[in-house]
Amino acid sequence: MHNGTFIAEEFVASSIKELKESLGNDIVILGLSGGVDSSVVALLLHKAIGTNLQCIFVDHGLLRKNEFEDVMESYKKFGLNVKGVRAADRFFEACKGITDPELKRKAIGKTFIDVFNEEARKVENAKWLAQGTIWPDIAESHSDKGTIKSHHNVGGLPEEMHLGLVEPLKYLYKFEVREAGKVLGLDDYFLGRHPFPGPGLGVRCLGEITPEKIAILQEADKIWTDNLREAGLYEKIWQAAAIFVPVKTTGVTDGCRTYDNVIALRAVNSKDAVTAQVVPLPWEFLDKVQNDIITNVKGVNRVVFDISSKPQATIEWE
Ligand code: XMP
């Protein structure tokens, strides 16, 4: 956490200068996630060292619907040197049979590191690994009451890579990262995006992760997100999520009994993710969303809205 008032212009200018000085002509590798944090790191480094920044964007199959394609296109528009790696099958294989949230995070994190390492090794003469770690990641991962959730983007650096670590945002809160992104010319598509966890929909798909469940969740999540955007609510919410709840309940469609899964919807406001309050959304809006999801997503016959705050709940269900 930095001291004093945060002025985005000053932060950007001094970071670029410091990165330029400390990195010189070194090659830096950066894993992009499609989120605002790693995108801001990418632009800072792009301005500081240009094409010596080599970005890698791994598709773990747990991204939002069409996210990989959309994000790759945007990154290329910024002129970033970015390699997209499709690896969904490896992640699904690694998660087979795992139901415990922390073990899932570990399996996803380990596979991510394996895939990332393979790609990183192909980058010749790399000296540094850049990461979009921000202050709440560090604070929550090292709470004196023990680890709450092992956010995989902290402390996951494998020794054998022999790379130094560059974390230009590590003393910033999320809103400060967004302000810095604006100064760097990041467009609204990135700036206004809700935070999205590293393990992606993996921690929103309760129990075992399968491609079938993820496909259902992606459809429901898209309907939820599109509705929020169309209603002008997306920008007013800090983080929204759809969660696949693998509990079958009885329903009825066209007079016939159904026995299908539950989708939970979550919408919270927060400043730094350490605490979060539920956003009271209009009833008519929620009614439209539940109808859109149940009508259009095969395998879902019930939608619930999560009214729990953090604490005592957390934002993600796993
Ligand atoms: P929780 O669920 O702990 O989430 O209240 C707080 C914030 O952290 C995000 N989150 C994660 N981010 N890897 C990440 O990179 C993770 O494993 C992870 N778990 C939670 C969550 O989306 C929220 O913004």
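Quick notes on the rules
- Residues numbered from 1 in each chain as written.
- Predicted model: local features only at pLDDT ≥ 70, side-chain atom pairs only at ≥ 80, totals over all residues.
- Heavy atoms only, no water.
- Helix = DSSP H or I, 4+ residues; strand = E, 2+ residues; numbered from the N terminus.
- Contact = heavy atoms within 4.5 Å.
- Core = buried A, V, L, I, M, F, W, Y, C linked by side-chain atoms within 4.5 Å.
- Buried < 20%, exposed > 50% of the residue type's maximum accessible area, 1.4 Å probe, protein only.
- Polar contact = N/O pair within 3.5 Å; in protein donor to acceptor, adjacent residues only side chain to side chain.
- Axes fitted to C-alpha atoms, helices over the stretch in contact; angles between N-to-C directions.
- Parallel < 35°, antiparallel > 145°, perpendicular 65-115°, else oblique.
- Left-handed = near helix turned anticlockwise from the far one by under 90°.
- Nonpolar A, V, L, I, M, F, W, Y, C, P; charged D, E, K, R; others polar.

Draft legend 1. Region of interest: the environment of E179. Checked against the element boundaries, E179 lands in helix α7 (residues 174–183). A C-alpha to C-alpha distance of 38 Å links E179 and T99, two positions 80 residues apart in sequence. Beyond its immediate sequence surroundings of up to four residues, E179 is in contact with F6 and A8.

Draft legend 2. Expanded view of the nonpolar core. Ranked by size, the top nonpolar core spans 47 residues in total, and within it W224, L228, I263, L281 and I293 carry the most contacts. Of all elements in the fold, only β2 (53–59), α4 (88–95), α5 (101–121), α9 (211–230), β6 (239–253), β7 (256–269), α10 (283–296) and β9 (300–305) reach the threshold of two or more residues within this core. Ranked by the residues each element gives to this core, the list is headed by α9, at 7 residues. With 40 residues, the next largest nonpolar core counts F57, V82, V177 and L184 among its residues.

Draft legend 3. Structural detail: the side chain of S39. Its location among the elements puts S39 in helix α2 (residues 36–49). With relative accessibility at 2%, the residue S39 sits in the buried group. At a separation of 2.6 Å, a polar atom in the side chain of S39 contacts the main-chain carbonyl oxygen of G35.

Draft legend 4. Local environment of the packing of helix α1 (residues 8–23) against α2. Closest axis-to-axis distance for the α1/α2 pair is 8 Å, and the angle between their directions is 55°. As judged from the angle between their axes, α1 and α2 are oblique. In this structure, the crossing between α1 and α2 has a hand that is right-handed. Contacts between α1 and α2 involve F11, V12, S15, I16, L19, K20 and L23 from the former and L44, L45, K47, A48 and I49 from the latter. Here the residues of the contact of α1 with α2 are counted per class, giving 9 nonpolar, 1 polar and 2 charged.

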